[in-house]
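# Structure assessment
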Number of protein chains: 2
Amino acid sequence: MSSEFDLIARYFTRPAPAGLLGVGDDCALFPVPAGMHIATSTDLLIEGRHFFPDVDPRALGHKSLAVNLSDLAAMGARPVGCVLGLALPQANEPWLAAFAQGFHALADMHGCPLIGGDTTRSPHDLAISVTIFGAVAADRALRRDAAQVGDEIWVSGTLGAADVAYRLLDGHLPADATLLAATRRALEWPEPRVALGQGLLGVAHAAIDISDGLLQDLGHILSASRVGAQLHYDAMPVAPALHGMPPAALTQAVLGGGDVYELCFTAAADQHDQVLSAAARAGAAVTRVGHITQTPGVVVLGADGQPLSALPRGFDHFPVS
Amino acid sequence: MSSEFDLIARYFTRPAPAGLLGVGDDCALFPVPAGMHIATSTDLLIEGRHFFPDVDPRALGHKSLAVNLSDLAAMGARPVGCVLGLALPQANEPWLAAFAQGFHALADMHGCPLIGGDTTRSPHDLAISVTIFGAVAADRALRRDAAQVGDEIWVSGTLGAADVAYRLLDGHLPADATLLAATRRALEWPEPRVALGQGLLGVAHAAIDISDGLLQDLGHILSASRVGAQLHYDAMPVAPALHGMPPAALTQAVLGGGDVYELCFTAAADQHDQVLSAAARAGAAVTRVGHITQTPGVVVLGADGQPLSALPRGFDHFPVS
């Protein structure tokens, strides 16, 4: 009753959509619309590193797929399907059922069926790998290396809440049940900006999703595009729950906080209204936070027009030791 | 010098082939030949479960990709590219360099470039996820559910060596340095039958790669195709190094031993010569080991024409407890 194959079948096999050969053969097969490229991204999430051991498994199922959908969104790609690898310390069926529920609910919302996978036992850590596939016209895809001097820099949604929730849960910020209640959803149930990404095709130049912090991820656009940026700290869309936090901690969360899964993108200034229209159609708030400059590096101006002196660093799994 | 991004760049970023956008954007992009479907497979390998902690990292890099190439082979798909997730307990650069060398050498041999990935730190176990993409015409792909009554059943290469090496290394078989030396390569450096799989398109009906043992993997073809099989034990292509082993251990290794990464496939009897020609062109030995029957289940006949009484079970990561 609890063999590997039974577990896979019970929680992860569902009828394949028309045209797809899903879970249960050596490979899954899926068609590609004529003229489209496949966009693919992979993430490997490890217990104790990317999520807390006691996280709600339904939220974990959601987030495991959400972070990959967010990568598709940052290319402007339309989701086609995904595959899932799970290494489990034990075969806990209620846990699996909840994880699968969270995963499938988000997959259904974005038309991104689970078409293949691998389940195995792990000696210690729960490990989750998701690889996602989308379709996009290669010459229209939103790339990191396409920002141009004079572009406006935009951010979707709000910044900082997920980072604050993380720091409350791991003890780096003093316990605050009210603040945790107001920020936890941003950490555990991120909403990938899939519709916004597709809506920005032909409007935006460069895009990235914010996983490691605004400054670090924008930095990838800047170095790939060989440009710089000037940002206005007062323009940042700070998550409302964070108002009243100490300024230093707030700056860290807004500029350096990871796990955001909002889009940071650049578009020509004459596309300003088109950006706002695309965002409205996608149901996403967007905020202009600065512009692209010729001078390399990032300058963040404070309310007094002077550059902030101490900028936070982003998250790096292998920091210089 | 040892930040995550430096590590990725140093060992896993190489110039993307023409038409591909590789490592370094939110997604990798690759084109799909007109009329082809994408075949995809994913595997999640965990230290202590799928490989020993002291395994040669070059061999591990090779095998991590080989097991996925083997899944493409079993569909008859042509490799297009792959993505890699690595969770490492520490950033050990000589280890990474050797792993990358083994991985890239096999990728180059099969025209399957690494186009994306994710590197992270792991609290305990080394974890490796590989997802592979191939191209195949959907109506020609070798599927598990296409075996027909009367088909001949074939196996490529030889059986049993990898399982014996594994059992020698984990202590289930008594130490035998000569036997280990003769079998270890089969365990650590499997050669996926990519050319054979493509050569069997239009010739074979059903195919699977042998990862969990011949009987278990053939069983997947039988249940998907709603047929049975009669096998001849004396016809099995036993790895030469295994001759002289005690009969019970030998039977276990040949019929139940995993990690083989040879193909098991079925083809109509009138395609016998075409199977042999396709195998010769692919440089693979193939052996007919039985035929498909209407009666469900598997019967293995011994030299005396009588069914073997005790058949080994395959490998299951979550055995019934």
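Along every chain, residues carry numbers that run from 1 in the direction the sequence is written. Working convention: letters from A go to chains and numbers from 1 go to ligands, in the order in which they are written. Local features in this predicted model are restricted to residues whose pLDDT is 70 or higher, and side-chain atom pairs enter the listing and the counts only when it is 80 or higher, whereas totals over whole chains, interfaces and linings include all residues. Note: side-chain values were computed over all heavy atoms of the structure, leaving out hydrogens and water.

In the annotation of an unreviewed UniProt entry, chain A is listed under the name Thiamine-monophosphate kinase and assigned to Bordetella genomosp. 4. The record in UniProt for chain A states the following under Function (unreviewed entry): "Catalyzes the ATP-dependent phosphorylation of thiamine-monophosphate (TMP) to form thiamine-pyrophosphate (TPP), the active form of vitamin B1." UniProt positions are given in the numbering used here, feature names are shortened, and annotations may be inferred rather than shown by experiment.

Residues and elements named next belong to chain A. In this analysis the probe radius is 1.4 Å and the grid spacing 1 Å, with only protein atoms considered; a cavity is a set of points the probe fits into but cannot get out of, a pocket is an open set with protein on both sides within 12 Å along at least five of seven lines, and lining residues have an atom within 4 Å of a point. Grid points are joined across faces, edges and corners, and a volume is the space filled by probe spheres set on the points. Scanning the entire structure with this criterion turns up two cavities of 30 Å³ or more. By volume, the largest cavity amounts to about 110 Å³. If you trace the largest cavity, you find it lined by His50, Phe51, Phe52, Val55, Ala59, Leu60, Lys63, Tyr166, Leu187 and Glu188. Secondary structure counts use DSSP, requiring at least four H or I residues in a row for a helix and at least two E residues in a row for a strand, with both numbered from the N terminus. Going through the elements one at a time, helix H2 (57-75) and helix H5 (177-188) are the ones with two or more residues in the lining of the largest cavity. Sorting elements by how many residues they give to the lining of the largest cavity places H2 first, with three residues. In this count, Pro and Cys sit with the nonpolar residues alongside Ala, Val, Leu, Ile, Met, Phe, Trp and Tyr, while Asp, Glu, Lys and Arg are called charged and the others, Gly among them, polar. Across the lining of the largest cavity, the residue classes tally to seven nonpolar, one polar and two charged. Residue ranges for the domains originate in an automatic or database domain assignment. Viewed by domain, the lining of the largest cavity spans two of them, domain 1 (4-137) and domain 2 (151-301), each represented by three or more residues.

All names here are of chain A. Looking at chain A, the domain boundaries give domain 1 (4-137) and domain 2 (151-301). Spacing between the C-alpha centres of domain 1 and domain 2 amounts to 26 Å. Counting from both sides, the interface comprises 22 residues of domain 1 and, opposite them, 19 residues of domain 2. Once two parts are joined, some of their accessible surface, as seen by a 1.4 Å probe, is lost; buried area is that loss totalled over both. A buried area of about 1,700 Å², summed over both sides, lies between domain 1 and domain 2, and 65% of it is on carbon and sulfur atoms. The salt bridge definition used is simple: a Lys or Arg side-chain nitrogen within 4 Å of an Asp or Glu carboxyl oxygen. Linking domain 1 to domain 2 there are one salt bridge. In this structure, the salt-bridge partner of Lys63 is Asp259, at a minimum N-O distance of 3.0 Å. Whether two residues are in contact is decided by their heavy atoms, any of which lying within 4.5 Å being enough.

Our focus in this paragraph is the UniProt feature "binding site: Mg(2+) 4" (unreviewed entry) in chain A. Mapped onto the present numbering, the UniProt feature "binding site: Mg(2+) 4" (unreviewed entry) falls at Asp26, Ser41 and Asp71 of chain A. Separation in sequence by 46 residues is matched in space for these annotated residues, since their most distant C-alpha atoms are 26.2 Å apart. Among the structural elements, Ser41 of chain A can be located in strand E2 (residues 37-46). The buried label goes to any residue with under 20% of its type's maximum accessible area, the exposed label to any with over 50%, and the partly exposed label to all in between, with areas taken from a 1.4 Å probe on protein chains only. With relative accessibility at 6%, the residue Ser41 of chain A sits in the buried group. Mapping Asp71 of chain A onto the fold places it in helix H2. Residues contacting Asp71 of chain A, with those up to four places away along its chain left out, are Ser41, Asp43 and Asp209 of chain A together with Asp26 and Cys27 of chain B.

Moving on, we come to the UniProt feature "binding site: Mg(2+) 1" (unreviewed entry) in chain A. Taken from the UniProt record, the annotation "binding site: Mg(2+) 1" (unreviewed entry) applies to Thr42, Asp43 and Asp118 of chain A. Along the chain, Thr42 of chain A falls in strand E2. If sequence neighbours within four positions are ignored, Thr42 of chain A has contacts with Asn68, Val130 and Thr131 of chain A together with Val83, Leu84, Gly117, Asp118 and Ser129 of chain B. By the element assignment, Asp118 of chain A lies in strand E4 (residues 114-121).

Turning next to the pattern of salt bridges. All names here are of chain A. Going through the model one piece at a time under the given rule, you end up with 14 salt bridges over all chains. Arg184 is the salt-bridge partner of Glu188, the closest N and O atoms lying 3.1 Å from each other. Of the two residues, Glu188 and Arg184 both sit in helix H5, four residues apart, roughly one turn of that helix. Under the relative-accessibility criterion, Glu188 is labelled buried at 12%.

This part is about the sheet that holds E2 of chain A. The five strands lie next to each other as E4(A)-E3(A)-E5(A)-E2(A)-E1(B), forming an open sheet whose pairing is mixed. The open sheet has two free edges, formed respectively by E4 of chain A together with strand E1 (28-30) of chain B, since each of these has just one partner strand. Direction aside, neighbouring strands of the sheet carry axes that sit 20° apart on average. Bridging between strand E3 (residues 78-88) of chain A and E4 of chain A involves seven bridges; their strand directions are parallel. Within E4 of chain A, the residue paired with Leu86 of chain A across the bridge is Thr119 of chain A. Together, E2, E3 and strand E5 (127-136) of chain A together with E1 of chain B form the strand contacts of H2 of chain A, whose direction differs from that of E5 of chain A by roughly 35°. Every axis in this analysis is a line fitted to C-alpha atoms, fitted for helices over the stretch in contact. Angles between the N-to-C directions lie between 0 and 180 degrees. Strand contacts of helix H3 (residues 93-109) of chain A: E3, E4 and E5 of chain A, with the helix running at about 165° to E3 of chain A, the strand carrying the most contacts. Note on pairing: two strands pair once DSSP finds at least 2 bridges between them.

Residues and elements named next belong to chain A. One less than the number of residues in a helix, times 1.5 Å, gives the span that helix is expected to have. Compared with an ideal rise of 1.5 Å per residue, which puts 17 residues at 24 Å, H3 spans 24 Å between its outermost C-alpha atoms and is within 8% of the ideal. All buried positions along H3 are accounted for by Trp95, Leu96, Ala98, Phe99, Ala100, Gly102, Phe103, His104, Leu106 and Ala107. Polar contact criterion, stated in full: a pair of N or O atoms within 3.5 Å, where within protein one must be able to donate a hydrogen and the other to accept it, and residues adjacent in sequence count only if both atoms are side-chain atoms. Taking the backbone nitrogen of Trp95 as reference, a side-chain oxygen 3.1 Å away marks Asn92 as the first, capping residue of H3. One or two residues past the end of H3 sits Gly111, with phi positive at roughly 60°.

Attention now goes to helix H4 (residues 161-169) of chain A. Residues and elements named next belong to chain A. Of the residues making up H4, those classed as buried are Ala161, Ala162, Asp163, Val164, Ala165 and Leu168. Packed against the buried residues of H4 are H5 and helix H8 (247-256). One or two residues past the end of H4 sits Gly171, with phi positive at roughly 90°.

Centre-to-centre distance and the angle between the planes together describe a pair of aromatic rings. Side-chain rings of Phe, Tyr and Trp, where Trp is taken by its six-membered ring, are said to pair if the distance between their centres is within 6.5 Å; with planes under 30 degrees apart they count as stacked, over 60 as edge-to-face, and otherwise as tilted. Counting across every chain of the model gives 11 aromatic pairs over all chains. Consider the rings of Trp154 of chain A and Phe265 of chain A, whose centres lie 6.3 Å apart with planes at 5°: the pair is stacked. Of this pair, Trp154 of chain A sits in strand E6 (residues 152-156) while Phe265 of chain A sits in strand E9 (residues 263-267), and the two are 111 residues apart along the sequence. With a relative accessible area of 1%, Trp154 of chain A lands in the buried category. Through a chain of ring-to-ring contacts, three or more aromatic side chains come together here, namely Phe30 and Phe133 of chain A together with Phe30 and Phe133 of chain B.

Residue and element names in this part refer to chain B. A positive phi is found at Arg226, a non-glycine position, where the angle reads about 55°. Looking at where Arg226 falls in the secondary structure, it is placed in the loop between helix H7 (214-225) and strand E8 (228-232). Given a relative accessible area of 75%, Arg226 falls into the exposed group. In this structure, Tyr261 is a non-glycine residue whose phi angle is positive, near 60°. Residue placement: Tyr261 occurs in the loop between helix H8 (247-256) and strand E9 (263-267). Assessed through its relative accessible area of 9%, Tyr261 is described here as buried.

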